[in-house]
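Here is what each chain is made of, one letter per residue.
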Amino acid sequence: MTDQIIAESDARVVAAERRAATLKKRKAAEKRFQWFGRISIGFGIACVLFLFTDIVSKGASAFTQTYVDVEITFDADTLGLSPQSTEEEIRAASFGSFFKKSLRAKYPEASDRRQKRQLYALFTSDMPLILRDMVIADPSLIGQTTTVSMIADDDFDTYYKHSYGKNLSAEDKVSRLNEFQEGIVDDLVESGAVERKFNSILFSNSDSREPELAGIRGAVVGSILTLLVTLVLSFPIAVATAIYLEEFAPKNKITDFIEVNINNLAAVPSVIFGLLGLAVFINFFGMPRSVPLVGGFVLTLMTLPTIIISSRAAIKAVPPSIREAAYGMGASKVQTVIHHVLPLAMPGMLTGTIIGMAQALGETAPLLMIGMVAFIVDTPTGITDPATVLPVQIFLWSDSPERAFVEKTSAAIMVLLTFLICMNSLAVWLRKRLERRW
Amino acid sequence: MKNLALGLIAAAATFNISTAAARDSISVVGSSTVYPFATVVAERFGKSTKFNSPKVESTGSGGGLKLFCKGVGVATPDVTNASRRIKSSEFEQCQKNGVKEIVEVLIGYDGIVLANAKGAAPMELTRKDIYMALAKLVPGPDGKLIENPNKTWKDVNAALPATKIEVLGPPPTSGTRDAFAELALEGGARQVEDIAKLRKMKADQKGEIEAMVAKLGVEAAWTAAVKKKGEKAKGKDVVKIIGRSVREDGAYIEAGENDNLIVNKLVANPNALGIFGFSFLDQNSDKVQGSVIDGNAPTFEAISTGEYKVSRPLYFYVKKAHIGTVPGIEEYLNMFVSEDTIGPDGYLIDKGLIPLGDEQYEEMSSGAKALNNLAL
């Protein structure tokens, strides 16, 4: 008897010991697992932080631009104009040589041809046009002397932003200016004529090959037009498809086949849609290259599966009791869907659409195929004007030889990221705000 | 439901408009090397004339000519840029598709440079050094061509430093790579005596070619040349194949088409050399330095006089049938060939284009302004 008790208590002790041992192991495993998770998140955050700091540190300086205040006398004789001149006469006047002459008068030390060219090169090549437009806007300027805020050339701008007054060694210096030009710039800075202002050009101009004149307006308008076409086409088509497949279509082999295909299409690399667009819309239907209309068509093909899948999920999430109640009140199937299911599924559908649009906004590969990767100066005014989009603009700038485009590239990335973050936050907000829990 | 239907109708309506619309801006395609120059002209053209700014796409020389030669009509481009002359096969393709009249314009030259980071020791190379360092097949000790065994620059030429051969360059789809292979690699290969002899052999000297091919051990290249050209295969075709093939064992690193990326990689790795166009060297002269090739540094002057050997002509081609259909083409052409643009002091020269000589310029601009047809 006592033996038995001893044996039982022994067994209990052994079992308790074993339990304690495995418990320790299980706890350790759980800790380890949590740590793996934490490390992964930490790594992800570190990557994002690195990316953001890199972009912001490179791009922040692009949001300012160097301007130089120079006194210009709009000499009536040199221009051959009078305050009474008509716009036509002003347009015909030679502002190029007037501008050069004014600069030469300011800096008589620029003696030979080379130095003169270097002097002109300190200011943007569009300066004569800007002066002309000033005079057209206000012909009374002729014969007067005013201070003009001139846009500094990209080399001047880079030097002033990154190297001026920093006593850098020759190797660290970021400057393509020579000693003569640096002398002029140093004098200008000392006299207080040089100033860094907010770079409104970046937002008001379209693409340019002169970094100081390049802006993202054309690309932003192009992106908006392209997305508009995408939205107008993809949202109704996707919603109609989702409703039919979810509510009306019979469950058979054909609908199964369609469902598998939609899921597959969502995973097809976007460049394939570009090739399809090139073959169908441009080569077969003869639509023009490089226009937002075709871009929108291609991006529609790309975003349709995403929106269809999320719309179907949203419809599925509407509980059957809603439908049954509607039927019970004598509603027809169409009435049930339009009046009850659709409004309740709408927040989910909108979220899916916004995420699809955000995806489309960041897309370049399919647009490459249909000619939207192009240098376009004029801001598009309609969906059949040649246009480019923001990510393409970033790609084009990153490939430009001029140094000053490096900061412009990062600035454009910042603008694109802002758009994406806004769209995604809107999606999150919509979901939070309109979603109903059952 | 109503909105949905309206949306669909609106979409259908815009579709109809687009197919009917004609084009009111010039469409330019072609070489990525000419792109930085053509875009500057396009921008100025839009700002200084009443016409819309031309749209410029960078499709590569071959891609551009393919689009250009597709036919006549607003769906096809009006102008294509090229960093090499149009090939006779492309010209025939054009003719076949109804693009009969083409105006050829030579705008200037572009040097291809081999550069390393500033601060690293400057390199002085010959084209033969470049061939020996980067070609797939180089002469071995017995005169036969063997897989490139050279690991360091010192292996290539005892006067060079003992650093590892590491050259960053564009991929095979790039015109820069084609030109580099032709001008630097094949140019260097021709300085090998046997290869130079082989190059001179005509198609009727079959026996001699075969003997030389056996001596060099390049039967595979000969078979390839015969396969391509048939009876017409000559020594030059074999040299083209062996001279232009780049080694694939990691010494030549394909760094993509983005030249800025190559410049940045060079700064990070002072032992590496990079291949890109002169305009990038010009814009980044504070970061990288061009190597001397055959005794000449890649300077503006040396390229324009032809002393610097690794340079190529840049062209654009205009579809004559579109003049009058798409507004502004003739004006664009005239602006491009004007003294202000590509003359010795033109604004494209400030962007790194190497200008034509005076006589060459006169001949080209008078021919272009008269819209003379290209004949090959």
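Residues numbered from 1 in each chain as written. Chains lettered and ligands numbered in written order. Predicted model: local features only at pLDDT ≥ 70, side-chain atom pairs only at ≥ 80, totals over all residues.

Chemist: Please give an account of the overall build of chain A that cites residues and values.
Modeler: A count of helical and extended segments in chain A gives 18 helices and 4 strands. The C-alpha radius of gyration computed for chain A amounts to 33 Å, which surpasses the reference 22 Å derived for 438 residues by more than 25%, pointing to a less compact arrangement than a globule. Seen along its three principal axes, the alpha-carbon backbone of chain A occupies a region of about 120 × 70 × 40 Å. Counting all 438 residues of chain A, 37% fall into the buried class. Contacts spanning at least 24 positions in sequence make up 76% of the contacts within chain A whose residues lie at least 6 apart. (Helix = DSSP H or I, 4+ residues; strand = E, 2+ residues; numbered from the N terminus. Rg over C-alpha atoms; globule rule 2.2 N^0.38 Å. Buried ≥ 20, exposed ≤ 12 C-beta atoms within 10 Å, placed from the backbone. Contact = placed C-beta atoms within 7 Å.)

Chemist: I'd love a proper account of helix 8 (residues 193-200) of chain B, names of residues and values included.
Modeler: All names here are of chain B. Among all positions of helix 8, only I195, L198 and R199 are buried. Here the buried residues of helix 8 occupy an arc of 100 degrees about the axis, which is enough to place them on one side. Away from its buried face by more than 90 degrees, helix 8 exposes E193 and K200. Tucked into the core, helix 8 has its buried residues touching helix 7 (175-189), helix 9 (206-216) and helix 11 (235-244). (Arc of directions from axis to C-beta.)

Chemist: Would you mind going over the confidence of the model for chain A in detail, with residue names and values included?
Modeler: Low pLDDT means the predicted atomic positions in that stretch should not be read closely. In this model, chain A carries an average pLDDT of 89, and 97% of its residues clear a pLDDT of 70 or more. Across chain A, the secondary-structure element scoring lowest on mean pLDDT is helix 3 (residues 87-92) of chain A, at 82, and the one scoring highest is helix 10 (residues 217-248) of chain A, at 95. (pLDDT = per-residue confidence, 0-100.)

Chemist: Any details on the environment of V99 of chain B? Residues and values, ideally.
Modeler: Residues and elements named next belong to chain B. Looking at where V99 falls in the secondary structure, it is placed in the loop between helix 4 (88-96) and strand 4 (102-117). Along the primary structure V99 and F68 are separated by 31 residues, whereas in three dimensions their C-alpha atoms are 8.4 Å apart. The contacts of V99, once residues within four sequence positions are left out, are C69, G71, V72, C94 and K319.

Chemist: Would you mind going over the domain arrangement of chain B in detail, with residue names and values included?
Modeler: Residues and elements named next belong to chain B. Looking at chain B, the domain boundaries give domain 1 (23-110 + 312-369) and domain 2 (121-269). A straight line from the C-alpha centre of domain 1 to that of domain 2 covers 32 Å. Taken residue by residue, the interface counts 8 residues in domain 1 and 6 residues in domain 2. The residue makeup of the side of domain 1 that touches domain 2, split by class, is no nonpolar, 6 polar and 2 charged. (Domains from an automatic or database assignment. Nonpolar A, V, L, I, M, F, W, Y, C, P; charged D, E, K, R; others polar.)

Chemist: How would you summarise the pairing of strand 3 (residues 79-82) of chain B if you had to cite specific residues and measurements?
Modeler: All names here are of chain B. Both faces of strand 3 are covered, namely the face carrying V79 and N81 and the face carrying T80 and A82. With 4 bridges joining them, strand 3 and strand 13 (residues 311-319) adopt antiparallel strand pairing. Residue pairing across strands places V79 opposite V318, the latter belonging to strand 13. (Pairing = 2+ DSSP bridges.)

Chemist: Quick one: what's the story with the sheet that holds strand 1 (residues 64-73) of chain A, residue by residue and with numbers?
Modeler: All names here are of chain A. In space, the 3 strands of this open sheet follow the order 2-1-3, with antiparallel pairing throughout. Strands at the two margins of the open sheet, each flanked by one partner only, are strand 2 (145-151) and strand 3 (194-198). With direction set aside, neighbouring strand axes in the sheet form an average angle of 40 degrees. Two elements, strand 1 and strand 3, share 5 bridges in a ladder whose sense is antiparallel. (Axes fitted to C-alpha atoms, helices over the stretch in contact; angles between N-to-C directions.)

Chemist: Tell me about the domain arrangement of chain A, and please be specific about residues and values.
Modeler: All names here are of chain A. In terms of domains, chain A is made up of domain 1 (2-60), domain 2 (63-206) and domain 3 (217-434). Taking only C-alpha atoms, the centre of domain 2 and the centre of domain 3 are 45 Å apart. At the level of elements, helix 7 (154-162) and helix 9 (201-204) are the ones that each hand at least two residues to the side of domain 2 that touches domain 3.

Chemist: I'd like to hear about unusual backbone geometry, residue by residue, with values.
Modeler: Backbone phi values are negative for most residues with the exception of glycine, while trans is the configuration of most peptide bonds. Positive phi outside glycine occurs at S290 of chain A, with the angle close to 60 degrees. With respect to the helices, strands and loops of the structure, S290 of chain A is situated in the loop between helix 12 (270-284) and helix 13 (292-316). Looking at S290 of chain A, the number of C-beta atoms within 10 Å reads 24, which means it is buried. In the Ramachandran plot, L371 of chain B falls in the positive-phi region, its phi being about 55 degrees despite a non-glycine side chain. By the element assignment, L371 of chain B lies in the segment after helix 18 (358-369). Look at L371 of chain B and you get partly exposed, because 13 C-beta atoms sit within 10 Å.

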